[in-house]
Amino acid sequence: MFFYTRYPSSNVLKTYFPDVKFNRCITSQLIKWFSNFREFYYIQMEKFARQAIADGVSDVKDITVSRDSELFRALNMHYNKANDFHVPDRFLEVAEITLHEFYNAIADTKDSDPSWKKAIYKVICKLDSDVPEEFKTSSYL
């Protein structure tokens with residue numbers, strides 16, 4: 001699900017986990033898991049953006065995210081260890097946009113401000129996609 005939405009609402013979670021008996025605690029835990037998923041995602045983006053800068057990349061357009069890239073491999077290994085899911089192309093686009101946002105912010109030394117990532121989060125949260133309907137079926141996995 002993370003490949004489609006990095007910021008699922010509690011209603012989205014309830015829709016896609018019909019076998020879970022939701023209460024406040026369980027809802028809170030699932031939201032926390034997605035928070036942890038996002039944290040890993042953003043840590044990787046910052047790491048790869050800083051590496052690109054250290055490697056002398058001077059134009060953000062030179063940074064891409066493809067299925068062959070090291071960043072994609074790190075994310076796929078974390079979220080899709082057994083390769084059970086085909087990662088949608090849209091996720092690659094969002095990852096590249098995220099990486100560009102981090103690169104630009106770091107290159108512009110915005111990272112000296114303690115809340116520098118908030119502007120990036122606001123951009124990325126708007127890039128969520130609808131989760132495919134087949135995820136709702138009990139036989140999906």
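Residues numbered from 1 in each chain as written. Predicted model: local features only at pLDDT ≥ 70, side-chain atom pairs only at ≥ 80, totals over all residues. Heavy atoms only, no water.

Undergrad: Would you take a moment to explain the pattern of salt bridges for this structure?
TA: Pairing is possible between side chains that carry opposite charge, provided their charged atoms lie close to one another. Under the criterion given, the structure shown has 6 salt bridges. With its nearest N and O atoms 2.8 Å apart, the salt bridge here joins Asp111 to Arg50. Of the two residues, Asp111 sits in the loop between helix H4 (89-107) and helix H5 (117-125) while Arg50 sits in helix H2 (residues 24-54), which places them 61 residues apart along the sequence. A residue is classified by how much of its surface remains accessible, and Arg50, at 33% relative accessible area, is partly exposed. A single network of salt bridges, built from pairs that share partners, joins Glu46, Arg50, Asp111 and Lys117. (Salt bridge = Lys/Arg side-chain N within 4 Å of Asp/Glu carboxyl O. Helix = DSSP H or I, 4+ residues; strand = E, 2+ residues; numbered from the N terminus. Buried < 20%, exposed > 50% of the residue type's maximum accessible area, 1.4 Å probe, protein only.)

Undergrad: Honestly, the side chain of Glu46 in this entry has me stumped. Any pointers?
TA: Following the sequence through the fold, Glu46 ends up in helix H2. Judged by relative accessible area, Glu46 falls into the buried class, the value being 16%. One polar contact links Glu46 to Lys117, side chain to side chain, over a distance of 2.9 Å. When neighbours within four sequence positions are excluded, Glu46 is seen to be in contact with Phe102, Ile106, Trp116 and Lys117. (Polar contact = N/O pair within 3.5 Å; in protein donor to acceptor, adjacent residues only side chain to side chain. Contact = heavy atoms within 4.5 Å.)

Undergrad: Sorry, what's going on with the nonpolar core here?
TA: Considering soluble globular proteins, one finds that nonpolar side chains tend to be buried as a cluster. Of all hydrophobic cores here, the largest spans 37 residues; its most connected members are Tyr41, Met45 and Leu99. Elements that contribute at least two residues to this core include exactly helix H1 (10-16), H2, helix H3 (70-79), H4 and H5. By residue number, the principal contributor to this core is H4, which donates 9 residues. Sequence-distant contacts of Tyr41, defined by excluding residues within four places in its chain, comprise Phe2, Leu75, Tyr79, Phe91, Val94, Ala95 and Thr98. (Core = buried A, V, L, I, M, F, W, Y, C linked by side-chain atoms within 4.5 Å.)

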